[in-house]
Amino acid sequence: MNKLSVKNFILLTIAGAVNAFGVTFFLAPVKLYDSGVSGTSMLLSQITPEWMSLSLFLLILNIPLFLYGLKRQGKEFTIYAVYTVTMYSLFAYLITDVFPIDVSAASPLAESDLLLCALFGGLISGAGSGLAIRFGGAMDGIEVLAVIFAKRLGVTVGTFVMTYNVVLYVVCGLILQSWILPLYSIVAYMAALKTVDFIVEGFDRSKAAMIITSNPNEVAQRLSEEFGCGMTLIDAKGFYSSSKMTAIYFIVNRFQVGKMKSIVHEYDPKAYITISEIANVFSSNADK
């Protein structure tokens, strides 16, 4: 409990406000649907009596899920997540029922343009969800269910969430007797998903290069001189030739990849290089 941060609460408040803005200004007015429990809450608020609002369903559905996952996720996460959903619900209520803004029939900014509403609703709500995740909370309880039940069902967390959303959009299509809005909702979902990745993992992901070479000293020395950073050398052996090789593990950014390839092949034209994208790089001062 001592790890709770005032800064995180402030940023989670902003995250809730941003998410509420994206949903209530762009998605809900034209009956597009968010993903997960948020999308379920939007659907239920449309087919139930008027007093059962979006903000009410957000609390009713999300908070029990976070509390259910308390043991698995820990107190810190649960407190942050419950707080984030409460802020999301509060700002959604303020926008729809308190502020002098009409969001009942069309988006105040994009009117009834479904594509604009899907794109901007997804981008903005995704930014809110990404901020929530980055600062220790969560905007949707479906991820908690995924963590708990995915392994028991023999699927990945991503597959569990995707399956839930597919079922949600199919149900929306059956209830509305139209597939246009669910299809545009998928556009919003994909926009939100990419935005969450950018917010959580950064706009400029690093690249991990694995270089298999027979001239490790020359290659490593030149890379170190050019980029001014360290690398890891791993002893390796060719399967067919049984010749001794060295694997160099090296982190670069996307602007350095071309130069790195040129340097490696200058010293070893037969070097084998694989490059993979990584989200985060951590280093300890103790290692320096």
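Here the structure is a predicted model, which is why all the values come from computation and not from measurement. As a convention, each chain's residues are numbered from 1 in the sequence order in which they are written. Two thresholds apply to this predicted model, a pLDDT of at least 70 for residue-level local features and 80 or more for giving and counting side-chain atom pairs, whereas whole-chain, interface and lining totals are computed over all residues. Hydrogens and waters are ignored; side-chain quantities use all the structure's heavy atoms.

**Some remarks on the packing of aromatic side chains**
Two rings from Phe, Tyr or Trp (for Trp, the six-membered ring) form a pair when their centres sit within 6.5 Å of each other. Planes less than 30 degrees apart are called stacked, planes more than 60 degrees apart edge-to-face, and all others tilted. Per the counting criterion, the structure on display carries eight aromatic pairs. Their ring planes at 35 degrees and their centres at 4.4 Å tell us that Phe 21 and Phe 25 sit as a pair that is tilted. Residue Phe 21 and its partner Phe 25 are located together in helix α1 (residues 6-27), separated by four residues, close to a single helical turn. Each residue is placed in one exposure class: buried if its accessible area under a 1.4 Å probe, protein chains only, is under 20% of its type's maximum, exposed if it is over 50%, and partly exposed if it falls in between. Assessed through its relative accessible area of 9%, Phe 25 is described here as buried. Between the aromatic rings of Phe 227 and Phe 250, the centroid separation amounts to 5.6 Å while the plane-to-plane angle is 45 degrees, which identifies the pairing as tilted. In this pair, Phe 227 is assigned in helix α10 (residues 216-227) and Phe 250 in strand β3 (residues 244-252), connecting sequence segments 23 residues apart. Both residues of the pair, Phe 227 and Phe 250, belong to the buried class. Of the aromatic side chains, those joined through ring pairs into one cluster are Phe 21, Phe 25, Phe 26 and Phe 120. What counts as a helix is a DSSP run of H or I of at least four residues, what counts as a strand is a run of E of at least two, and both are numbered from the N terminus.

**Topic: the packing of helix α3 (residues 54-68) against helix α5 (residues 75-98)**
In contact at an axis separation of 9 Å, α3 and α5 are set at 175 degrees when each is read in the N-to-C sense. Comparing their axes, α5 and α3 come out roughly antiparallel. Touching Leu 54, Ser 55, Leu 56, Leu 58, Leu 59, Asn 62, Ile 63, Phe 66 and Leu 67 of α3 are Phe 77, Thr 78, Ala 81, Val 82, Val 85, Thr 86, Tyr 88, Ser 89, Ala 92 and Tyr 93, all from α5. In the scheme used here, Gly and all other residues not listed as nonpolar or charged are polar, with Ala, Val, Leu, Ile, Met, Phe, Trp, Tyr, Cys and Pro taken as nonpolar and Asp, Glu, Lys and Arg as charged. Counted by class, the contact of α3 with α5 contains 14 nonpolar, five polar and no charged residues. Here an axis means a line fitted to C-alpha atoms, over the contact stretch when the element is a helix, while the angle between two N-to-C directions is reported on a 0 to 180 degree scale. The scheme is simple: roughly parallel for angles under 35 degrees, roughly antiparallel for over 145, roughly perpendicular for 65 to 115, oblique for anything else. The contact definition used throughout considers only heavy atoms, calling two residues in contact when any of these lie within 4.5 Å.

**Some remarks on the pattern of salt bridges**
Whenever a carboxyl oxygen of Asp or Glu lies within 4 Å of a side-chain nitrogen of Lys or Arg, that contact is scored as a salt bridge. Overall, the coordinates contain two salt bridges when judged by the stated rule. Glu 226 is paired through a salt bridge with Arg 222; the nearest N and O atoms lie 2.9 Å apart. Here the residue Glu 226 and the residue Arg 222 both occupy positions in helix α10, the gap between them amounting to four residues, near one helical turn. The partner of Lys 259 in a salt bridge is Glu 226, with the nearest N and O atoms 2.6 Å apart. Remark: Glu 226 occurs in helix α10 and Lys 259 occurs in helix α11 (residues 257-267); sequence separation between them is 33 residues. Through salt bridges with shared partners, a single network forms among Arg 222, Glu 226 and Lys 259.

**Focus on the sheet that holds strand β4 (residues 272-278)**
By this definition, two strands are paired if DSSP reports at least two bridges between them. Overall, antiparallel pairing links the four strands, which are arranged β2-β3-β1-β4 in an open sheet. Where the open sheet ends on each side, the last strands, each with one partner, are β2 (232-237) and β4. Averaged over neighbouring strand pairs, the angle between their axes works out to 20 degrees when direction is ignored. Of the strand pairs in this sheet, strand β1 (residues 206-213) and β4 are connected by seven bridges, and their pairing is antiparallel. Across the sheet, Ile 212 pairs through a bridge with Tyr 272, a residue of β4. Where α10 meets the sheet, its contacts fall on β1, β2 and β3, and the angle it forms with β3 comes to roughly 10 degrees. Seen against the sheet, α11 touches β1, β3 and β4 and runs at an angle of roughly 160 degrees to β4.

**Section: the side chain of Ser 55**
Note on placement: Ser 55 falls in helix α3. With a relative accessible area of 9%, Ser 55 lands in the buried category. Residues adjacent in sequence count toward polar contacts only when both atoms are side-chain atoms; beyond that, a polar contact is any pair of N or O atoms within 3.5 Å, and within protein one must be able to donate a hydrogen and the other to accept it. A polar atom in the side chain of Ser 55 sits 3.0 Å from the side chain of Ser 53. When residues no more than four places from it in sequence are discounted, the contact partners of Ser 55 are Ser 89 and Tyr 93.

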